[in-house]
Amino acid sequence: MVKFGEIMGKVKQRNWLIVITILMVISSGIVLFISMQEKLGFNTCAYGENTYIPGQNIPNFNGLDDCYCAKDGSVKCGNTSDAISYSSFSSTGLSFSSRFLNYLDKEKVENNITPIDVNYTSNEILLILEREVLCGDNSKAPVQVGFYKIEGGNFVVTVMTNRDPELYSMVCKVENTINVKDINLDIRDTFKIYYQDELGYRYDLKICSSNGKLYNSGDMLEVEGSSTVCYCDDGVIECGD
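Procedures and definitions
- Residues numbered from 1 in each chain as written.
- Predicted model: local features only at pLDDT ≥ 70, side-chain atom pairs only at ≥ 80, totals over all residues.
- Heavy atoms only, no water.
- Helix = DSSP H or I, 4+ residues; strand = E, 2+ residues; numbered from the N terminus.
- Buried < 20%, exposed > 50% of the residue type's maximum accessible area, 1.4 Å probe, protein only.
- Contact = heavy atoms within 4.5 Å.
- Pairing = 2+ DSSP bridges.
- Axes fitted to C-alpha atoms, helices over the stretch in contact; angles between N-to-C directions.
- Disulfide = S-S within 2.5 Å.
- Polar contact = N/O pair within 3.5 Å; in protein donor to acceptor, adjacent residues only side chain to side chain.
- Phe/Tyr/Trp six-rings, centres within 6.5 Å; stacked < 30°, edge-to-face > 60°.
- Lys NZ or Arg CZ within 6 Å of the ring centre and 35° of its normal.
- Salt bridge = Lys/Arg side-chain N within 4 Å of Asp/Glu carboxyl O.

Student: I'm lost on the overall build of the protein in this one. Help?
Tutor: The number of helices and strands found in the protein is one helix and 18 strands. Expressed as a percentage of the 241 residues in the protein, the buried residues total 32%. Intrachain contacts of the protein at a sequence separation of at least 6 include 59% that bridge at least 24 residues.

Written out as structure tokens, the structure is:
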């Protein structure tokens, strides 16, 4: 005959097994959720070839060592509350490439961003830039990722650049090609293209727009109502005899 104590012992043991099973399921769910967050990039920070989770230090971010990944996926540095975030930018339809051009005889990178070519036809924009960055030896350009956004009717581009001093320490010039397809831009006479650096500063690339087309500085163009030759001069259309 089974004793009452034995029955109660088996019931308690079964209850503990149920509790342990539930805890294991919950723990597995949490681990899976965190893993999916990391894999899909939810609330993570990307820099160079690495991805960082919230709270994790990001070494050598733009030459700074006191930067970390915030909960909202932005990068914060030091004790400031200003966030360096790419969340408002997009890479949809973007084709980005970069190539090494040459080394520069200088010790510090300057924000010299020069547009080389620009064109917008059939809802496709092509922008070619030259920038100063830090390169490695053997003409090795740094790892770079391009993004864009439309803001206030204007086109804003940015490039995230790896500045790991152990890999890149020589000032050089690189060429960035930004090509976005299936993008609807309203090319008015006041339309502008900006380059935004990794600290949030913007630089007017001083392109010209006329009759729905874009022109780089030095390009010749036709202006309706003008019988003289016109050209783009640092963002201003000049027409002369």
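After that view, the rundown keeps rolling.
Student: What is the right way to look at the sheet that holds strand E11 (residues 170–181) in this model?
Tutor: In a beta sheet, neighbouring strands pair by backbone hydrogen bonds and run either parallel or antiparallel. Taken together, the four strands give an open sheet; going across it, the order is E6-E11-E8-E7, and neighbouring strands pair in antiparallel fashion. Only two strands of the sheet have a single partner each, and these edge strands are strand E6 (94–103) and strand E7 (114–121). This sheet shows a mean twist of 20° between the axes of neighbouring strands, independent of strand direction. Note that E6 and E11 share nine bridges and pair antiparallel. Note on E11: the bridge partner recorded for Arg99 is Glu175.

Student: Is there a simple way to think about the state of the cysteines in this case?
Tutor: Structurally, a disulfide amounts to a covalent bond that connects the sulfur atoms of two cysteines. Applying the stated criterion across every chain, the model contains four disulfides. One disulfide in the model links Cys208 with Cys232; its S-S distance is 2.1 Å. Across the S-S bond of Cys208 and Cys232 the torsion is about 80°, and the bridge reads as right-handed. Within this pair, whereas Cys208 is found in strand E14 (residues 208–210), its partner Cys232 is found in strand E17 (residues 229–233), the two being separated by 24 residues in sequence. Each member of the pair, Cys208 as well as Cys232, is classed as buried.

Student: Hey, could you run me through the sheet that holds strand E13 (residues 202–204) in this one?
Tutor: Strand order in this open sheet of four strands is E9-E10-E12-E13, and the pairing throughout is mixed. Strands at the two margins of the open sheet, each flanked by one partner only, are strand E9 (144–151) and E13. Neighbour to neighbour, the strand axes of the sheet diverge by 25° on average, direction disregarded. Pairing analysis gives three bridges linking strand E10 (residues 154–161) to strand E12 (residues 193–196), with the strands arranged parallel. Note on E12: the bridge partner recorded for Phe155 is Ile193.

Student: How should the environment of Thr161 be read in this particular structure?
Tutor: Mapped onto the elements, Thr161 comes out in strand E10. Here Thr161 falls in the buried class, since its relative accessible area comes to 3%. In this structure, the C-alpha to C-alpha distance between Thr161 and Val133, residues 28 residues apart in sequence, is 8.1 Å. Ignoring any residue separated from it by four or fewer positions in sequence, one finds Thr161 in contact with Tyr47, Arg131, Val133, Pro142, Val143, Gln144 and Glu198. Within polar-contact distance, the side chain of Thr161 engages the side chain of Arg131 at 3.1 Å.

Student: Sorry, what's going on with the packing of aromatic side chains here?
Tutor: Geometrically, a pair of aromatic rings is defined through the distance of the ring centres and the angle of the planes. Summed over all chains, the structure comprises two aromatic pairs. One residue, Lys149, lies across the ring of Phe89, its end atom 4.6 Å from the ring centre.

Student: What am I meant to see in the side chain of Asn162 here?
Tutor: Following the sequence through the fold, Asn162 ends up in the loop between E10 and E11. Take Asn162: its relative accessible area is 11%, and that puts it in the buried class. At a separation of 2.9 Å, a polar atom in the side chain of Asn162 contacts the main-chain amide nitrogen of Asp164. Asn162 has contacts with Tyr47, Gly48, Glu49, Pro142, Val143 and Tyr168, leaving out every residue within four places of it along the chain.

Student: Quick question: what am I supposed to make of the pairing of E12 here?
Tutor: On a regular strand, one side chain projects to one face of the sheet and the next to the other, so that they alternate. With three bridges connecting them, E12 and E13 associate as antiparallel partners. Bridging across to E13, Gln196 finds its partner in Arg202. Taking the residues that link successive antiparallel strands as the turn, the E12-E13 hairpin has five residues, and the phi of Gly200 there is positive, at about 95°.

Student: Help me understand the pattern of salt bridges, please; the structure alone is not making it clear to me.
Tutor: Any two side chains of opposite charge can pair, on the condition that their charged atoms come close. Tallied over the full model, the rule gives eight salt bridges. Among the salt bridges present, the one from Glu110 reaches Lys106, with a minimum N-O distance of 2.5 Å. With relative accessibility at 40%, the residue Glu110 sits in the partly exposed group. If you follow the salt bridges from partner to partner, you end up with Lys106, Glu110 and Glu132 in one network.

Student: Explanation requested: the pairing of strand E18 (residues 236–240) in the structure shown.
Tutor: Relative to E18, E17 runs antiparallel, the two sharing five bridges. Pairing of Val229 across the sheet is with Gly240, part of E18.

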